[in-house]
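Fold and geometry: a report
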Amino acid sequence: MYDTIIIGSGPAGMTAALYAARSNLKVAVLEQGAPGGQMNNTSDIENYPGYEMISGPELSMKMHEPLEKFGVENLYGIVSAVEDHGEFKKVLTEDASYETKTVIVATGAKHRPLEVAGEETYNSRGVSYCAVCDGAFFRGQDLLVVGGGDSAVEEALFLTRFANKVTIVHRRDELRAQKVLQDRAFANDKVDFIWDSVVKEIKGNDVKVTSVDIENVKTGQVTNHEFGGVFIYVGLDPVSSMVEGLSITDEAGWIPTDEHMNTKAAGIFAVGDVRQKDLRQITTAVGDGATAAQSAYQYIVNNF
Ligand code: FAD
Ligand code: NAP
């Protein structure tokens, strides 16, 4: 039996693994893809202390490297359910079942779809949710970025490396993004804005995106604009379906915790973006991970 199984190998999960292993716990991390989580889709990170600038994939590697040295077991699998049997928990994947004294849920969040006509039809044919992955395919083109938060503005700036012009369409007349990102976007000649407006339909020629219908929410006027690609950054949804059976989420699927990362279920902790919290960042994910590992250690000392 494991002392703790950590589900997810983003910054929260990797930090929890490091701290738990250094407390001499028997630790496994169950991950469905490459370690790093959302950091793998992030271009330049300049708000992680100690680095003036580092790419998301590079920071992922640096966080992952020491885990093996401290004896963390890396398991591959898509976790489908977590069962709480009181004294022990079961973590289930499609083809395996693992028993553990504690579970740390570090499954993060995923991009929210815009849910407009044409989005699904042209997904991966001009519609993208990842500038780092797809930006280079759009060299010299005019691109639309949807949203007004950190992701939209940061990734719009990244796309200016490839695009002829990047237009940000936002449903209000004020961005939500951090001031430093706003200032950069306003100062960048390649970035345009369409304010108070929403995407009505993404249109194409059956092969790829060619234009977008945009509605001004104040006037109701719909206009058609030519774009070769549409990058959607309208927020995040929690990844928590595997703990649905435990009744530890709120209505939207985020997991509330106390300051020790305890969920409503004893011995099950939640960390990082999947947690109900205000600031979803790498630094806060890392802090959550360290706290949860310490809480799991205390839980084991007190109960076993
Ligand atoms: P995640 O990074 O989401 O990792 C969760 C992991 O869990 C993933 O690897 C996933 O594969 C795994 N997982 C999920 N479900 C399962 C399952 N069922 N079975 C097995 N594994 C599973 N923050 C900053 O501080 N600075 C930035 O510059 C910055 N830029 C960003 C740019 C973009 C475009 C985006 C989208 C986010 C950015 N963020 C940034 C936010 C930051 O990336 C997140 O806050 C952080 O990655 C959250 O870490 P996490 O470990 O909680 O979750
Ligand atoms: P977010 O902060 O939730 O912003 C989502 C944006 O999309 C908002 O501007 C919102 O408009 C808009 N929006 C939501 N639904 C929409 C719809 N249906 N149609 C049109 N627009 C819609 O999400 P995010 O930008 O992806 O950021 C997620 C988290 O990651 C945040 O905590 C963020 O700080 C973090 N992050 C950090 C960095 C960094 O530190 N450099 C970079 C990227 C992300 P309103 O403003 O009107 O609500």
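Residues numbered from 1 in each chain as written. Chains lettered and ligands numbered in written order. Predicted model: local features only at pLDDT ≥ 70, side-chain atom pairs only at ≥ 80, totals over all residues. Heavy atoms only, no water.

This part covers the site of ligand 1. In the vicinity of ligand 1, 31 residues are found, and the nearest of them are Glu31, Gln38, Asn47, Asp273 and Ile282. For ligand 1, an oxygen atom lies 3.0 Å from a polar atom in the side chain of glutamine 32. Contact distances for ligand 1 include 3.3 Å between an oxygen atom and a backbone N or O atom of glutamine 281. Within the complex, the protein chains bury 92% of what would otherwise be the 1000 Å² of accessible surface of ligand 1. Contributing elements (two or more residues each) for the shell around ligand 1: helix H1 (11-22), strand E2 (27-31), helix H4 (150-159) and helix H6 (282-303). The greatest single-element share of the shell around ligand 1, amounting to three residues, is contributed by H4. By residue class, the composition of the shell around ligand 1 is 12 nonpolar, 14 polar and five charged. For the shell around ligand 1, the domains that each give at least three residues are domain 1 (2-111 + 236-303) and domain 2 (127-232). (Near = heavy atom within 4 Å. Polar contact = N/O pair within 3.5 Å; in protein donor to acceptor, adjacent residues only side chain to side chain. Areas by Shrake-Rupley, 256 points an atom, 1.4 Å probe, with all protein chains shown as cover. Helix = DSSP H or I, 4+ residues; strand = E, 2+ residues; numbered from the N terminus. Nonpolar A, V, L, I, M, F, W, Y, C, P; charged D, E, K, R; others polar. Domains from an automatic or database assignment.)

In spatial order, the strands read E14-E15-E16; together these three strands make up an open sheet with antiparallel pairing. Edge positions in the sheet fall to strand E14 (197-204) and strand E16 (222-226), since each has one partner strand and no second. Within this sheet the neighbouring strands show an average axis-to-axis angle of 25°, counted without direction. Direction of pairing for strand E15 (residues 209-216) relative to E16: antiparallel, over a ladder of five bridges. Counted as the bridge partner of aspartate 213 is asparagine 224 from E16. (Pairing = 2+ DSSP bridges. Axes fitted to C-alpha atoms, helices over the stretch in contact; angles between N-to-C directions.)

On to the state of the cysteines. What the rule picks out here adds up to one disulfide. There is a disulfide in this structure between cysteine 130 and cysteine 133, and the S-S distance comes to 2.0 Å. Given an S-S torsion of about 75°, the disulfide between cysteine 130 and cysteine 133 has right-handed geometry. Accessibility expressed as a relative area gives 42% for cysteine 133, which makes it partly exposed. (Disulfide = S-S within 2.5 Å. Buried < 20%, exposed > 50% of the residue type's maximum accessible area, 1.4 Å probe, protein only.)

Before going further, it helps to spend a moment on the domain arrangement of the protein. Parsing the protein into structural domains produces domain 1 (2-111 + 236-303) and domain 2 (127-232). Each of domain 1 and domain 2 was reduced to a C-alpha centroid, and the two centroids are 32 Å apart. Across the boundary between the two partners, domain 1 contributes nine residues, which contact 11 residues of domain 2. Taken over both partners, the interface formed by domain 1 and domain 2 buries close to 710 Å², and the fraction arising from carbon and sulfur atoms is 44%. (Contact = heavy atoms within 4.5 Å. Buried area = accessible area lost by both parts, 1.4 Å probe.)

All right, on to the environment of isoleucine 5 then. Within the fold, isoleucine 5 resides in strand E1 (residues 2-7). Look at isoleucine 5 and you get buried, because its relative accessible area is 0%. Contacts of isoleucine 5, omitting those with residues within four sequence positions, involve Ala28, Leu30, Val91, Tyr98, Thr100, Thr102, Val103 and Ile104.

For H1, which comprises 12 residues, the first-to-last C-alpha distance of 17 Å matches the rise-based estimate of 16 Å (1.5 Å per residue) to within 8%. With nine of 12 residues buried, H1 is to be regarded as a mostly interior element. As for H1, its buried residues are in contact with E1, E2, helix H2 (56-69), strand E8 (97-105) and H6. Just downstream of H1 lies asparagine 24, where phi reads positive at about 70°. (Expected span 1.5 Å × (residues − 1).)

Here we come to the side chain of aspartate 288. Inspection of the secondary structure assignment puts aspartate 288 in helix H6. Engagement of the side chain of aspartate 288 in a polar contact is seen with the backbone nitrogen of glycine 272, the distance being 2.9 Å. Of the polar contacts made by the side chain of aspartate 288, one reaches the side chain of lysine 277; its length is 3.0 Å. Ignoring anything within four residues of it in the chain, the contact list for aspartate 288 reads Met261, Val271, Gly272, Arg275 and Lys277.

We now examine the site of ligand 2. As a structural note, the neighbourhood of ligand 2 is formed by 19 residues, with Asn47, Asp150, Ser151, Arg172 and Arg176 the closest of them. It is H4 that provides the largest number of residues to the shell around ligand 2, a total of three residues. Residue-level mapping places the shell around ligand 2 at the junction of two domains, with at least three residues from each of domain 1 (2-111 + 236-303) and domain 2 (127-232).

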